[in-house]
Amino acid sequence: MDAKKPYVVAIIIQVIFTGMFVLIKAAFNQGFNTFVYVFYTQAAACLLLVPIAVLRERENMKSMSFRLLFKLFLCALLGNTFSINLLDVALKYTSATVQSAISNSKPVVTFFLALLLRMEVVKLRSSHGIAKVTGIVLCLAGVLVVAFFTGPALSPVNHHRAFHTSHTSSDLTSRVTWIKGTFLKLFGDITWSLWIIFQAALLKEYPNRMLVTVTQCVFSTAQTFVVAAVAERDMARWKLGLDISLLSILYTGFVVSGLSNYLIVWCMEMKGPVFLAIWFPLCFVLTMFCSSFFLGEVIHVGSILGGILLTAGLYSVLWAKSKETIVEPCSEVNMTESAQDEEEERKPEENQRKVREDHEDDVPASAV
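Residues numbered from 1 in each chain as written. Predicted model: local features only at pLDDT ≥ 70, side-chain atom pairs only at ≥ 80, totals over all residues. Heavy atoms only, no water.

**Side note on the environment of Thr134**
Moving on, step 1. On the secondary structure map, Thr134 appears in helix α6 (residues 127–148).
Moving on, step 2. In terms of polar contacts, Thr134 uses its side chain to reach the backbone carbonyl oxygen of Ile130, at 2.7 Å. (Helix = DSSP H or I, 4+ residues; strand = E, 2+ residues; numbered from the N terminus. Polar contact = N/O pair within 3.5 Å; in protein donor to acceptor, adjacent residues only side chain to side chain.)

Put into structure tokens, the structure is as follows:
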């Protein structure tokens, strides 16, 4: 059961992200400011996590050095403040389906960054090495198909949308806006991948998942407030009402920024950064259905074809990772057994040599 926990946690993370894409897009369709939104979500996460951290990790807080806090400040600036603001602006420019589809470039980005930093190794002569590269290529091909091939449109799953917004889902954004949102999304995913890898190295230095998550949340709350104050000076647009925007903020702050970030750190510590990233195709499939059902977004054949490629890439990489964990321990056992066999083979030879030497010594003595 313990071996299955990372897989279950990875699936839960994708379900949480699916709800995030749908709710955030519904809030942005009502005209809510993206930068103010990010600040509210980070503040909500702090309200949830800080009291828990104070109760559980009060003594461990004293062990956090200034050097460690500075590293956490930079990680929060990269992964929470900069990356999340970019991703939310990109989501406002495009759709939930497109954003979740482009998120599947994260396995490619994370894999190459981890490879450059020597955190991942690919053995092209082995079957699992070839399968890992094939899975990454299939994921990339699926993203390209979803992003650049439209195909015939399918009618929404639910014509009566659960989230009523001021913008209809059939409104097509301009080509320039779509391209801008796509590149912002890709750039945000690159910074997110760097954040994941830096956190993996940081956890080796300070393996306390709770304090790492909470400290970054506190820093990002202050950082995003500065960004929001500069970007939106009309305080009337900071007001919250009992609508989808408030629900989206509470969900993103408590569930996404709070719970999912802790699960991400735990899963990354157990299985590594690439394992977590390869699960994002599942988020695309779920978001494609939920955005059609709740937001009334039109799904195209190109999205379905891309989803098939992404799913194939997902299982190819998962198979490679599972084979990799099996082959490496077996190879170590085989090396140990072969070393023992060689040692046992050398023992009779050494015994025979000693017998011959003793016999040669006895012959001259008996002759005299």
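Having put the structure on the table, let's press on.
**Points about the state of the cysteines**
Moving on, step 1. What the rule picks out here adds up to zero disulfides.
Moving on, step 2. There is no disulfide at Cys217, and the cysteine sulfur nearest it, in Cys46, is 3.4 Å away.
Moving on, step 3. The closest cysteine sulfur to the non-disulfide-bonded Cys290 is located on Cys283, 9.3 Å from its own sulfur.
Moving on, step 4. Since its relative accessible area comes to 18%, Cys290 is described here as buried. (Disulfide = S-S within 2.5 Å. Buried < 20%, exposed > 50% of the residue type's maximum accessible area, 1.4 Å probe, protein only.)

**Some words on the packing of aromatic side chains**
Moving on, step 1. Following the criterion strictly, the structure yields 10 aromatic pairs and no others.
Moving on, step 2. Geometrically, the ring pair formed by Phe39 and Trp238 is tilted, given 5.9 Å between the ring centres and 55° between the ring planes. Here Phe39 is found in helix α2 (residues 34–56), whereas its partner Trp238 is found in the loop between α8 (209–231) and α9 (244–271), with 199 residues between them in sequence. Across the pair, Trp238 and Phe39 agree in class, each one buried. (Phe/Tyr/Trp six-rings, centres within 6.5 Å; stacked < 30°, edge-to-face > 60°.)

**Focus: α8**
Moving on, step 1. Helix length check: α8, at 23 residues, gives a terminal C-alpha distance of 32 Å against a target of 33 Å (1.5 Å per residue), a fit within 8%.
Moving on, step 2. Put simply, Asn208 is the residue that caps the front of α8, since its side-chain oxygen is 3.3 Å from the backbone nitrogen of Met210. (Expected span 1.5 Å × (residues − 1).)

**Focus on the packing of helix α1 (residues 5–29) against helix α11 (residues 280–295)**
Moving on, step 1. Interaxial distance between α1 and α11 falls to 9 Å at its minimum, and their mutual angle equals 35°. For α1 against α11, the interelement crossing comes out right-handed. On the side of α1, the interface is formed by Ile11, Gln14, Val15, Phe17, Thr18, Phe21, Val22, Lys25 and Ala26, while α11 contributes Phe280, Leu282, Cys283, Leu286, Thr287, Cys290, Ser291, Phe294 and Leu295.
Moving on, step 2. Classifying every residue of the contact of α1 with α11 by side-chain character gives 13 nonpolar, four polar and one charged. (Axes fitted to C-alpha atoms, helices over the stretch in contact; angles between N-to-C directions. Left-handed = near helix turned anticlockwise from the far one by under 90°. Contact = heavy atoms within 4.5 Å. Nonpolar A, V, L, I, M, F, W, Y, C, P; charged D, E, K, R; others polar.)

**What about the pattern of salt bridges?**
Moving on, step 1. Summed over the entire model, instances satisfying the criterion amount to four salt bridges.
Moving on, step 2. In this structure, Glu232 engages Arg237 in a salt bridge whose closest nitrogen and oxygen atoms are separated by 3.4 Å.
Moving on, step 3. The class for Arg237 is partly exposed, based on a relative accessible area of 36%.
Moving on, step 4. Members of the salt-bridge network, linked through shared partners, are Arg67, Lys71 and Glu205. (Salt bridge = Lys/Arg side-chain N within 4 Å of Asp/Glu carboxyl O.)

**Focus: the confidence of the model for the protein chain**
Moving on, step 1. Across the protein chain, pLDDT averages 76, with 80% of residues at or above 70.
Moving on, step 2. Averaged pLDDT values for the elements of the protein chain fall to 59 in helix α12 (residues 301–367) and rise to 90 in α8.
Moving on, step 3. The model gives residues 166–172 a pLDDT under 50, and that stretch makes nine contacts with residues more than four places away or in other chains.
Moving on, step 4. Low pLDDT, under 50, characterises residues 330–339; the predicted model gives this stretch zero contacts beyond four residues in sequence or across chains. (pLDDT = per-residue confidence, 0-100.)

**Remarks on the side chain of Glu57**
Moving on, step 1. Checked against the element boundaries, Glu57 lands in the loop between α2 and α3 (66–93).
Moving on, step 2. This buried residue, Glu57, is left without a salt bridge; Arg56 holds the nearest opposite charge, at 4.4 Å.
Moving on, step 3. With near-sequence residues (within four places) excluded, Glu57 lies in contact with Asn208, Met210 and Leu211. (Lys, Arg positive; Asp, Glu negative; His and termini not counted.)

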